[in-house]
Amino acid sequence: MKFTAFAFLLTATTAAAFAPASKTFAKSSALFKTTAPVFDEVCETTGVTFTRFMAEVAMLNPEISELTTLFGAIDTSCKAIANIVKRSQLPSSETLGLQGEVNIQGEDQKKLDVITNDLLKRALRFTGKIGVLASEEEDEPVDLAAENKLSGTWANKELLVEETDKYVIVFDPLDGSSNVDAGIPTGTIIGIYEHDENCIVEGEDVADDANCLANTLQPGTKLVAAAYCLYSSSTFLVVTLGNGVYMFTLDEQIGEFVLSHPNVKIPEDGKIISFNEANIDKWDQPMKDVVYGWRKGTGRSGDRFSSRYVGSMVGDVHRTLLYGGVFGYPGDSTNPTGKLRLLYEGAPMSFIMEQAGGLSTTGTQRVMEITPDVVHQRVPIVMGSKNCVEEIIDAYAAAAK
């Protein structure tokens, strides 16, 4: 089955038909609170489609049934983006190269950055479930309701806040886009938070801009769900709803994601380092000492580690989940806060990693517990197998004594 760039416009809302009648969320202070969902044997059955999986989750957990609609849009968007990326090398596609604009972080935007960002915004807009959206490619949260904001120009952005909307979505539309011209794996990272009911709109005015913006500035511990799509030898959709990690692979013959790895668990030990080791001379001393030990086989495990680094967070984390080891982009003397963004890269991927039994840290602090001060805040990150990451944490703790 083939998907064009905007095929999702016809199907992004079809998943809503699979959701049972929704219940009111239980509330705790201003933010809704949910518990980990209940799964049954259907959710553990290899080969079940993602649509069927989410329908089962919604039936068992009516309080999160509206996530079915959101993930229906995410599912279809990932298929569309996979098709765009796969065809990007064709001369007729005209999707490679720079857009000619610079994002808020001072990075040159690729054409595919802009295309995939617009695609996700359109798909999510039609779910009717979004209160606030933040993206790597946007200066600030965006108004998805105003159709003239989706024309491909990004001027005059406003916050989208509607009283009936339940979720805040943050995403990196095309992680690793700097590698796409070389055909290296890329991905999409998505985090879903609950939306503060106190952030409402009266007419066209936001009642409290600061309060509404704070909807995006939540720590990873507040995440309801997280997902990533990997565009590589196969297209993968990896999801956590707070009760384990489930990996789906796109079957292009039927046009559906099917469950290939239920309840993924990362090995507690590993022998693969996934860092940009060209920066090792600029790292903190505890980080240097541990990595040098792994290279030489003098670390805690006694194993000699090998290096595998793609430079695409989704690709490197995906391999780390399956094979074990450590992925990271530590802070250094040039970039003390690292280069990965906390809100829409670090927190969602840390949620997935922890749900798979791994750990994620800055070296001194759990990434999931950091509350961002700004949307595009950067943070040092090391994540992966439990025993490997604990070795880094212990090294920093010993250096602090």
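Analysis parameters
Residues numbered from 1 in each chain as written. Predicted model: local features only at pLDDT ≥ 70, side-chain atom pairs only at ≥ 80, totals over all residues. Heavy atoms only, no water. Pairing = 2+ DSSP bridges. Helix = DSSP H or I, 4+ residues; strand = E, 2+ residues; numbered from the N terminus. Contact = heavy atoms within 4.5 Å. Axes fitted to C-alpha atoms, helices over the stretch in contact; angles between N-to-C directions. Parallel < 35°, antiparallel > 145°, perpendicular 65-115°, else oblique. Left-handed = near helix turned anticlockwise from the far one by under 90°. Disulfide = S-S within 2.5 Å. Buried < 20%, exposed > 50% of the residue type's maximum accessible area, 1.4 Å probe, protein only.

Enquirer: Residue-level account of the sheet that holds strand β15 (residues 306-307), with values.
Expert: Across the sheet, which stays open at both edges, the five strands sit in the order β15-β14-β16-β18-β17 with mixed pairing between neighbours. Since the sheet does not close on itself, it has two edges, and those belong to β15 and β17 (359-361), each with one partner. Across two bridges, the pairing between strand β14 (residues 272-274) and β15 is parallel. The residue bridging I272 from the neighbouring strand is S306, located in β15. Along the sheet, helix α8 (residues 342-355) contacts β17 and β18 (381-384); its crossing angle with β18, the most-contacted strand, is approximately 25°.

Enquirer: Which residues make up the packing of helix α3 (residues 67-87) against helix α4 (residues 111-125), and what are the values?
Expert: Two elements in contact, α3 and α4, have axes separated by 9 Å at closest approach and are oriented at 155°. It follows from the interaxial angle that α3 and α4 lie roughly antiparallel. In this structure, α3 crosses over α4, and the sense of that crossing is right-handed. Counted together, L70, A73, I74, S77, A80, I81 and I84 of α3 and L112, I115, T116, L119, L120, A123 and L124 of α4 form the full contact between these two elements.

Enquirer: Explain the environment of G255 to me, and be specific about the residues and the numbers.
Expert: Checked against the element boundaries, G255 lands in the loop between β12 (245-251) and β13 (256-261). Considering only alpha carbons, one finds G255 and T76, 179 residues apart in sequence, at a separation of 9.6 Å.

Enquirer: Got a sec to walk through the pairing of β13? Specific residues and values, please.
Expert: The side chains of a regular strand alternate, first on one face of the sheet and then on the other. Bridge count for β12 against β13 is five bridges, and the pairing is antiparallel. Residue pairing in the sheet places D251 in a bridge with E256 of β13. Between β12 and β13, which pair antiparallel in sequence order, lie four residues; one of them, G255, sits at a positive phi of approximately 70°.

Enquirer: Run through the state of the cysteines, naming residues and quoting values.
Expert: Taken as a whole, this structure holds one disulfide when the rule is applied. A sulfur-sulfur separation of 1.8 Å characterises the disulfide bridge that pairs C78 with C229. The chirality of the disulfide connecting C78 with C229 is right-handed, given an S-S dihedral of about 75°. Of the two residues, C78 is situated in helix α3 and C229 in strand β10 (residues 223-231); the sequence distance between them amounts to 151 residues. The same class applies to C78 as to C229, namely buried.

Enquirer: So what's going on with the environment of K166? Residues and values would help.
Expert: Tracing the backbone shows K166 in the loop between β5 (130-135) and β6 (167-175). Measuring from C-alpha to C-alpha, the distance between K166 and K129 comes to 5.7 Å, with 37 residues separating the pair along the chain.

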